[in-house]
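The primary structure of each chain is shown beneath.
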Amino acid sequence: MADSKKKNYKDLSYSELVTQKNELVRKYMDFRFQKVVGHVDNQMQKRTMRRDIARLNTFIRAKEIAGENK
């Protein structure tokens, strides 16, 4: 299915996860702006970005609970 497209976030460190999330949030905001302007080819990309951000937030929180956020 789409398992091959999923990124492996488990192996990233806390700082890499935060950096990845910030970059993805920035891309999401740009995508939202492009959608309002009307220059979007793939409408489903918004949902996948939201899900990736949520997945990153989950891994970030797990690292915080484990005490690896130093």
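Calculation criteria
- Residues numbered from 1 in each chain as written.
- Predicted model: local features only at pLDDT ≥ 70, side-chain atom pairs only at ≥ 80, totals over all residues.
- Heavy atoms only, no water.
- Core = buried A, V, L, I, M, F, W, Y, C linked by side-chain atoms within 4.5 Å.
- Buried < 20%, exposed > 50% of the residue type's maximum accessible area, 1.4 Å probe, protein only.
- Helix = DSSP H or I, 4+ residues; strand = E, 2+ residues; numbered from the N terminus.
- Contact = heavy atoms within 4.5 Å.
- Axes fitted to C-alpha atoms, helices over the stretch in contact; angles between N-to-C directions.
- Parallel < 35°, antiparallel > 145°, perpendicular 65-115°, else oblique.
- Left-handed = near helix turned anticlockwise from the far one by under 90°.
- Salt bridge = Lys/Arg side-chain N within 4 Å of Asp/Glu carboxyl O.

Enquirer: What exactly am I supposed to notice about the nonpolar core here?
Expert: Across soluble globular proteins, nonpolar side chains have a tendency to be buried as a group. Residues Y9, Y14, L17, L24, Y28, F31, V40, M49, I53, L56 and I60 constitute the largest nonpolar core, which totals eleven residues. Among the elements that take part in this core, helix α1 (residues 14-37) stands out by supplying five residues, more than any other. In contact with L56, not counting residues within four places along its chain, are Y9, L17, Q20, K21 and L24.

Enquirer: Explain the packing of α1 against helix α2 (residues 45-66) here, please?
Expert: Think of two packed helices as two axes; the pair is described by the angle between the axes and how far apart they sit. Packing of α1 against α2 leaves a shortest axis separation of 9 Å and a crossing angle of 160°. What the angle tells us is that α1 and α2 run roughly antiparallel. Seen from above, α1 lies across α2 with left-handed handedness. Together, Y14, L17, V18, Q20, K21, L24, V25, K27, Y28, F31, R32 and K35 of α1 and Q45, K46, M49, R50, D52, I53, L56, N57, F59, I60, K63 and E64 of α2 make up the contact between the two elements.

Enquirer: Before we go on, may I ask you to explain the pattern of salt bridges in this structure?
Expert: Where charged atoms from two side chains of opposite charge approach closely, those side chains can pair. This model, assessed by the stated rule, comprises five salt bridges. Of the charged contacts, one joins K27 and E23 as a salt bridge, the two residues approaching to 3.4 Å between their closest N and O atoms. Here K27 and its partner E23 are both found in helix α1, four residues apart, which amounts to about one turn of the helix. Close ionic contact of E64 with R61 constitutes a salt bridge, the shortest N to O distance being 3.3 Å. Linking E64 with R61, this pair stays in helix α2, spanning three residues, or about one helical turn. For R61, a relative accessible area of 47% puts it in the partly exposed group.

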